[in-house]
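Results of the structural survey
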Amino acid sequence: MSRRKTRPRTSRAAAAPAPAVTAASPCPCGLDATYGACCGRFHSGAGGTAPTAELLMRSRYSAFVVRDEAYLLRTWAPETRPGEVDFDPGMRWAGLEIEETGEGTAFHQHGTVTFTARYVHGGEAGALHERSRFARHEGAWVYVDGDFLD
């Protein structure tokens, strides 16, 4: 997921605390697993790196949910990586739907993932529809950039 340029920037000091997600919580990415066994293992480094572009997309969505800036920056391509991630304190991520993937497996160097991420902002429901591009960097999948589709 990319940083929305249309939203006002907020400082990390003003950010509300991340939602309480524990290792035993359902994973925010929507797969039928606990956070600790799914995306949490990538966030902590205990599970290595995401083996596919889709799993990286899912883990990055979960990192936005739990506000894991270090993971988001670590999995961002160096040529497009920002200096920091601006979390909007009024944003609550509410679900992820993967619509399409292109390449992005162990046999590829590039991949795309088209998704819709639902959110609530200021009491209003919304959705971010994006086609994200991923590439291998030093053997690991990283987010390069994306195009908003709606």
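One structure accompanies this document, and this report is about it.

Procedures and definitions
Residues numbered from 1 in each chain as written. Predicted model: local features only at pLDDT ≥ 70, side-chain atom pairs only at ≥ 80, totals over all residues. Heavy atoms only, no water. Helix = DSSP H or I, 4+ residues; strand = E, 2+ residues; numbered from the N terminus. Core = buried A, V, L, I, M, F, W, Y, C linked by side-chain atoms within 4.5 Å. Buried < 20%, exposed > 50% of the residue type's maximum accessible area, 1.4 Å probe, protein only. Contact = heavy atoms within 4.5 Å. Pairing = 2+ DSSP bridges. Axes fitted to C-alpha atoms, helices over the stretch in contact; angles between N-to-C directions.

Re the environment of Pro78
As for its position among the elements, Pro78 is in the loop between α3 (69-74) and β1 (91-103). Expressed as a C-alpha distance, the spacing of Pro78 and Val142, which sit 64 residues apart in the sequence, is 8.9 Å.

What to know about the nonpolar core
Formed by 33 residues in total, the largest nonpolar core has its most connected members in Met57, Tyr61, Val85, Trp93, Leu96, Phe115 and Phe134. When contributions to this core are tallied by element, the ones reaching two or more residues are α1 (39-44), α2 (53-66), α3, β1, β2 (110-121), β3 (124-137) and β4 (140-148). If one sorts the elements of this core by residue count, α2 sits on top with 8 residues. If we skip the residues at most four places from it in the chain, Phe134 touches Ala53, Leu56, Met57, Arg60, Gln109, His110, Gly111, Val113, Trp141, Val142, Tyr143 and Val144.

Here's the deal with the sheet that holds β4
Taken in spatial order, the 4 strands make up an open sheet running β1-β2-β3-β4, and their pairing is antiparallel. The strands lining the two open edges of the sheet, one partner per strand, are β1 and β4. Along the sheet, successive strands turn relative to each other by an average axial angle of 30°, direction set aside. By the bridge criterion, 11 bridges tie β1 to β2 in an arrangement that is antiparallel. Following the sheet pairing, Trp93 is matched in β2 by Tyr119.

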